[in-house]
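# Notes for the structure review
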Amino acid sequence: MLEVNDLEVRYGAIRAVRGVSLKADTGELVAILGANGAGKSSTLMCIAGALKAAGGSIRLDGQDVTSANPEKMVRAGVATVPETRDVFPDLTVTENLTLGSYTRRSDRAGVTEDRERMLALFPRLAERAAQPAGTLSGGEQQMLVIARAMMSRPKVLLLDEPSLGLAPVIVDQIFEMIRTLKQSGLTIVLVEQNARKALSVADRAYVMRLGKIAASGTAAEIGAATDLSALYLGG
Ligand SMILES: Nc1ncnc2c1ncn2[C@@H]1O[C@H](COP(=O)(O)OP(=O)(O)OP(=O)(O)O)[C@@H](O)[C@H]1O
Ligand SMILES: [Mg+2]
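Residues numbered from 1 in each chain as written. Chains lettered and ligands numbered in written order. Predicted model: local features only at pLDDT ≥ 70, side-chain atom pairs only at ≥ 80, totals over all residues. Heavy atoms only, no water.

### Brief notes about the sheet that holds strand 2 (residues 14-24)
Within a sheet, neighbouring strands are paired by backbone hydrogen bonds and run either parallel or antiparallel to one another. Taken in spatial order, the four strands of this open sheet run 2-1-4-5, and their pairing is antiparallel. Single-partner strands in this sheet number two, and they are strand 2 and strand 5 (63-64). In terms of strand pairing, strand 1 (residues 2-11) meets strand 2 through eight bridges, oriented antiparallel. Paired with Glu 3 across the strands is Lys 23, a residue of strand 2. (Pairing = 2+ DSSP bridges. Helix = DSSP H or I, 4+ residues; strand = E, 2+ residues; numbered from the N terminus.)

Put into structure tokens, the structure is as follows:
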């Protein structure tokens, strides 16, 4: 489904991503773990088309999408939820969901159907459907941006630190949501610093360190072989 080979991302002289290779098969949930500054977001945002690759390749279903822009990636079936968790604060939950389907504006019936499906799947959002998104709690906003990303009918969902800054009980709810989406057959790439939580839902995981893949394996292997607490320390 998604295949990244020898990816390089640079910010001027800074080499944030140095030859990263990873893949996600159809229906797989792959976690990318690592400390602050390891290059996780840079990798994810480059796959999303929001950062230019300085080297390497990105393939989706065998097609080369290395230089695709973000809109093209959405149209190709890759939706992204960045770290920033941006909702449109003055628009309602329903309106925010509708905006997630901007690539399929002509498909009105389909959009309505998908919106209903998202609200049915995530009752917390349904209860707040008419509420301005800016009045939702942090956790509810995170749910909304994930549901909004789903409105483009992606084959692959890229999630950047969905648990960031949320209370443990809310984190549990977000991970429950991710589990629900995985059960629908979606392919998911999940960037997380919360390694334990990520490994509890992941099939496989990659550990990044200083812009490179330092370890990879099944979630069980990574959980057993890696000193997870070290992931939180620098380096
Ligand atoms: N816009 C930028 N300009 C310059 N350097 C950047 C920029 N964005 C990221 N970097 C650098 O690239 C490296 C990787 O950053 P990145 O955000 O990809 O890491 P991360 O693993 O997502 O970290 P975190 O867990 O803190 O989100 C870091 O050294 C960071 O300082
Ligand atoms: Mg990051």
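### A few points about the coordination of the magnesium ion (ligand 2)
Ligation of the magnesium ion (ligand 2) by protein atoms is provided by Ser 41 (OG) and Glu 83 (OE), these donors lying 1.9 to 2.5 Å from the ion. Within this pair, whereas Ser 41 is found in helix 1 (residues 40-47), its partner Glu 83 is found in the loop between strand 6 (78-81) and helix 3 (93-99), the two being separated by 42 residues in sequence. (Donors = N, O, S within 2.8 Å, 3.2 Å for Na, K, Ca; no water.)

### Things to note about the site of ligand 1
Close to ligand 1 lie 14 residues, the nearest being Asn 36, Gly 37, Lys 40, Ser 42 and Glu 83. One nitrogen or oxygen atom from the side chain of Asn 36 is found 2.7 Å from an oxygen atom belonging to ligand 1. A distance of 2.8 Å is found between an oxygen atom of ligand 1 and a side-chain nitrogen or oxygen belonging to Ser 41. Protein contact buries 61% of the 630 Å² of open area that ligand 1 shows by itself. (Near = heavy atom within 4 Å. Polar contact = N/O pair within 3.5 Å; in protein donor to acceptor, adjacent residues only side chain to side chain. Areas by Shrake-Rupley, 256 points an atom, 1.4 Å probe, with all protein chains shown as cover.)

### Comments concerning the environment of Leu 159
Tracing the sequence through the fold places Leu 159 in strand 7 (residues 156-160). Classification of Leu 159 by relative accessible area gives buried; the value is 1%. Sequence separation between Leu 159 and Asp 107 is 52 residues, and the spatial gap between their C-alpha atoms is 26 Å. (Buried < 20%, exposed > 50% of the residue type's maximum accessible area, 1.4 Å probe, protein only.)

### Things to note about unusual backbone geometry
Look at Asp 61: it is not a glycine, yet its phi comes out positive at around 50°. Along the chain, Asp 61 turns up in the loop between strand 4 (55-60) and strand 5. With phi around 55°, Arg 153 is a residue other than glycine that occupies positive phi space. Tracing the backbone through its elements, the reader meets Arg 153 in the loop between helix 6 (138-150) and strand 7. According to the relative accessible area criterion, Arg 153 is partly exposed, its value standing at 44%.

### Concerning helix 4 (residues 108-121)
Relative to the 20 Å expected for 14 residues at 1.5 Å per residue, helix 4 spans 20 Å between its end C-alpha atoms, a close match to the ideal helical length. Every buried residue of helix 4 is accounted for by Gly 110, Val 111, Asp 114, Arg 115, Met 118 and Leu 119. The arc that holds the buried residues of helix 4, viewed along the axis, is 165°, so those residues lie on one side. When the buried face of helix 4 is taken as reference, the exposed residues oriented beyond 90 degrees from it are Ala 109, Glu 113 and Ala 120. On its buried side, helix 4 packs onto helix 3, helix 5 (123-127) and helix 6. (Expected span 1.5 Å × (residues − 1). Arc of directions from axis to C-beta. Contact = heavy atoms within 4.5 Å.)

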